[in-house]
Amino acid sequence: MSTGARLAADIGGTFTDLALERADGQGGVERWTAKVLTTPSAPEAGVLAGIRAVLAKAGMGPADVALFIHGTTLATNAVIERKGARTALLTTEGFRDVLALGNESRYDQYDLNITLPQPLVPRRWRVTVPERLENTGRVLLPLDEGAVRRAVAFLRDAGIESLAIGFLHAFVNPAHERRAAAIVREEWPDLPLSLSSEVSPEMREWERFSTTAANAYVQPLMASYLGRLREGMKEAGFACPLFLMLSGGGLTTLETAARFPIRLVESGPAGGAIFSAHVARQKGWDRVLSFDMGGTTAKVCLIDDFAPQTSRSFEVARIGRFKKGSGLPLRIPVIEMVEIGAGGGSIASVDALGRIQVGPESAGADPGPACYGRGGGKPAVTDANLLLGRYDPASFAGGSLALHPEASRAAMDGSLGALGLPPEMAALGVVEVVDENMANAARVHAIESGKSYDGRAVIAFGGGGPVHGYRVAEKIGVNRLLVPSGAGVGSAIGFLRAPVGYEVVRSLYQRFRTFDAGAVNALLAEMSAEARQVVEQGAFGAPLVERRIAYMRYVGQGHEIAVDLPVKALATEDVEAVRAAYDAAYAGFYDRPVPGSDVEILSFAVTVATEVAAPEPVAEVAAAPAPAPVRHQAVRDTAHGEVSDWPVYDRAAFAPGATVTGPCIVAEAETSTLVGPGWTCRMDGLGYLELTR
C-alpha cells in the first residue's frame, strides 16, 4: 500500500542529490536524504543508484513512492559544452542570418577583439524558404511548399538530427510554421521538430529564433535521457507519476518537458530558490539572499516577500563573466539569479599575471578533485578546504567518500607552486578568491536589481554553501545567516515544495487608446485553458491559482514592464485601473511616470499553478545547553591566516535553543556549517542553524 511518500532528485555537475519525504501521521514530515556522485556518461545510473540508497535508508520500496520529481542541468550543460544534436533552422527567405546578427549590440563597447557567442546552428544548416507574413499576421507571400520539401531533402543528406522552424511574425499567425511542420513530418516522420510559435510565441526575432534553436538542439538528448530514466524506474518497480522542475519554479509532466526541454535549463537552481523562499516564509523573513553552492557552480538569488525574482529572459553560455549580452538569449520563464563557476570542484590555477584563478572549469564528478583519489590531478576548491582543515577526511559526504590530503597537497603544489607558497597558504588564497568571486556576483546581482543587502539575511545550502556562507556574508555586509536542515540537498527538497504550474505567453499588440477588450479576453481565455490542461494532469484535484500579466511600455520605448491583470473578463473601464498600475510600476523603476503618453501592450502571460499552503508558525524555544564537541580540528582561518583548534559539533546532537560560539564547525552527513570568529550559532525551533554576528 502506498504511504504517499514523495521523492525528488537533482542532478548536479558533481553530485546527484535525493530527498524522500513522508507524512509522519502527527502533522509533521519524516525526511531521508542521499548524495551520490553524478555519472556523466549515463546520468540516469546515478539517479537510480541514489534512489536505491535513499529508499534503503527509509526502509521503503518503489511501491511506497507516490510521486517522483526531477531536475537536471543536462540541457544547460549540453548548450554550454556544445554537445547537443546536429540542428538546422528553417526560416523565412532573407532572414538566414538573424541568429548571427542578433541585435547588433556589443557587451563590451571598448574591446576591439570582442568574441561574440556563436549560434548553435551553423550557417550552412540555416535554410530559407519563400514565405512572408505581415506584422498583423496577414499573408503577403504564401508558403512555397516545394521549397520546404527540397529543404528537407538537403537536411536529410546533411545528417541533421533536429529541426527548428522559425518564420517571420509566426507569433501572430502560426499557419505557415504549422504547414511547414506537416510537410516535414510527411517527408521525415522521425525528425524532432521545434516550432517558434510553440516554443516562444513572442515578438523579437533573434530571441525567438535563438530559443527555438536551443530547444531543438537539446531535444533529442533530453528525450533520450528522460526515456531511459522512465524505463529504468519502470524496471525497478516504480509506477508513480514523474514530474520535471521548470526554470520558472513550477512542475510539469514528462511529456511537456520532453517537448519543451529548453524550459529545464535552470531547473536545479530553480529548486534551490524555491527551497529558500519556503524557508524564508517559515521564518517570516521577507528579504533574503539565497546562496546555493554545489560542486560545480554557485547560485545567488534575491527573494523579496517570500518569492524569488522572476524574468522572461535568460542568457546561457556567457562568454563575458557577469556581462549581459555575451550569451545566447533564451525567452523562457525563469527565476532570476546569477550563476558562476564557483563550486567545490572548481579548478584553481595561476594565470599569466601570476594571480590565483578559480573556475569556471570544474573537475566534476569524474575524476573529481584530487582528494577524491579518482585520478584527478588538478587542485579544486574542495582540496583547498581540506588543506585548511575544514573537512574531516574520514567523514566527508557522510563517510561515503574518503578524502586524501596528500593528493590535495601534491596537486596544490604542482599547479600553484609558481606562487612560491606552501600548499596550505596557496589553499588559503584559493578559498579567499572563490569567496570574493561569489560575493562579487552577489553585489552585481543586487546592483542590477536596484536593491541592497541592508537588513537582509543569507540562506546558505548546497554542499558548499554552509562551508563558505559566513565569509561571503561578511564580504557583502550581512550579519545573519541561516542553514536549514537538509541544506546539503536543498535543491532536491525545493522540488518537493514547488507547485505544479505552467506558464503560457502570447503576443497581441494593443494600445490603451484603442484597447480591444474582446480580442484580449478571447486570447487570455485560450491561454488559461492551455495552461490548465497541462497543470491538471498533475494537480490531483488540488486548488488552482491563476495569474495574468501584461508586458507593456510607453509608446516608442524599447523595453516592457510586467503589470498584473485581474483574473476576469476585462471591460473597457478596467483599462484606467491597469494604466494606473503601469504608471505606478514605471515610477518605481524610473522615479516618475510620463503623463500624456499612450501605453502599448506587447505580450500577455498566464500562469496556472496548484495552491501552496502557508507553513505553520513555529513558536520560539527556550535556551538549551550546547552539545559537547565530538572532536577538535586544526583550522586555518581565511580572514587572518592563523591556525587554531576549532571544536567540531554533531548537528544531530543539537537541541532546539542550543547555542555555540565561533570559531567552530557543525558537521552533518551532506555538509558542514562553519561558524567563523565573532559569530554565534543557535538552533531554532525548526531545527535550522541561525548564525549571527
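Before reading on, note that the structure itself is shown above.
First, a word on scope: everything that follows refers to the structure included in this document. (Residues numbered from 1 in each chain as written. Predicted model: local features only at pLDDT ≥ 70, side-chain atom pairs only at ≥ 80, totals over all residues. Heavy atoms only, no water.)

### Regarding the packing of aromatic side chains
Counting across every chain of the model gives 12 aromatic pairs. With 6.4 Å between their ring centres and 65 degrees between their planes, Phe-512 and Phe-515 make a pair best called edge-to-face. The pair Phe-512 / Phe-515 is uniform in exposure class, with both members buried. By the ring-pair criterion, three or more aromatic residues cluster together here, those being Tyr-554, Tyr-582, Tyr-586, Phe-589 and Tyr-590. One residue, Arg-480, lies across the ring of Trp-285, its end atom 4.1 Å from the ring centre. (Phe/Tyr/Trp six-rings, centres within 6.5 Å; stacked < 30°, edge-to-face > 60°. Buried < 20%, exposed > 50% of the residue type's maximum accessible area, 1.4 Å probe, protein only. Lys NZ or Arg CZ within 6 Å of the ring centre and 35° of its normal.)

### Here's the deal with helix α4 (residues 145-157)
Compared with the 18 Å implied by 1.5 Å per residue over 13 residues, the 19 Å span of α4 between its first and last C-alpha is a close match. In this structure, the buried residues of α4 make contact with β5 (87-92), β6 (126-129), β9 (162-166) and α5 (175-187). Of the residues flanking the start of α4, the one acting as N-cap is Asp-144, its side-chain oxygen 3.2 Å from the backbone nitrogen of Gly-146. Of the residues one or two after α4, Gly-159 is the one with positive phi, at around 75 degrees. (Helix = DSSP H or I, 4+ residues; strand = E, 2+ residues; numbered from the N terminus. Expected span 1.5 Å × (residues − 1). Contact = heavy atoms within 4.5 Å. Polar contact = N/O pair within 3.5 Å; in protein donor to acceptor, adjacent residues only side chain to side chain.)

### Details of the pairing of strand β23 (residues 457-461)
The side chains of a regular strand alternate, residue by residue, between the two faces of the sheet. Buried residues dominate β23, accounting for five of its five residues. A two-sided burial pattern is seen for β23, the buried positions comprising Ala-457, Ile-459 and Phe-461 on one face and Val-458 and Ala-460 on the other. Note: strand β13 (residues 287-293) against β23, five bridges, orientation parallel. Within the sheet, the bridge partner assigned to Asp-292 lies in β23 and is Phe-461. (Pairing = 2+ DSSP bridges.)

### Overview of helix α11 (residues 405-416)
When the terminal C-alpha atoms of α11 are compared, their 16 Å separation across 12 residues agrees well with the 16 Å that a helix rising 1.5 Å per residue should span. Listed in full, the buried residues belonging to α11 are Ser-408, Ala-411, Met-412 and Leu-416. Down the axis of α11, the sector holding all buried residues measures 100 degrees, keeping them to one side. α11 presents Glu-406, Ala-410 and Gly-414 as exposed residues on the side facing more than 90 degrees away from its buried surface. For α11, the secondary structure elements touched by its buried residues are β21 (346-350), β22 (356-362), α10 (381-387) and α12 (423-448). (Arc of directions from axis to C-beta.)

### A word on the packing of α12 against helix α13 (residues 465-476)
One can describe the packing of α12 onto α13 by two numbers: an axis separation of 9 Å at closest approach and a directional angle of 55 degrees. Put simply, α12 runs oblique to α13. The element α12 and its partner α13 pack so that their crossing is right-handed. Between α12 and α13, the residues in contact are Val-431, Glu-432, Val-434, Asp-435, Glu-436, Met-438, Ala-439, Ala-442 and Arg-443 and His-468, Arg-471, Val-472, Lys-475 and Ile-476, respectively. In terms of residue class, the contact of α12 with α13 is made up of seven nonpolar, one polar and six charged. (Axes fitted to C-alpha atoms, helices over the stretch in contact; angles between N-to-C directions. Parallel < 35°, antiparallel > 145°, perpendicular 65-115°, else oblique. Left-handed = near helix turned anticlockwise from the far one by under 90°. Nonpolar A, V, L, I, M, F, W, Y, C, P; charged D, E, K, R; others polar.)

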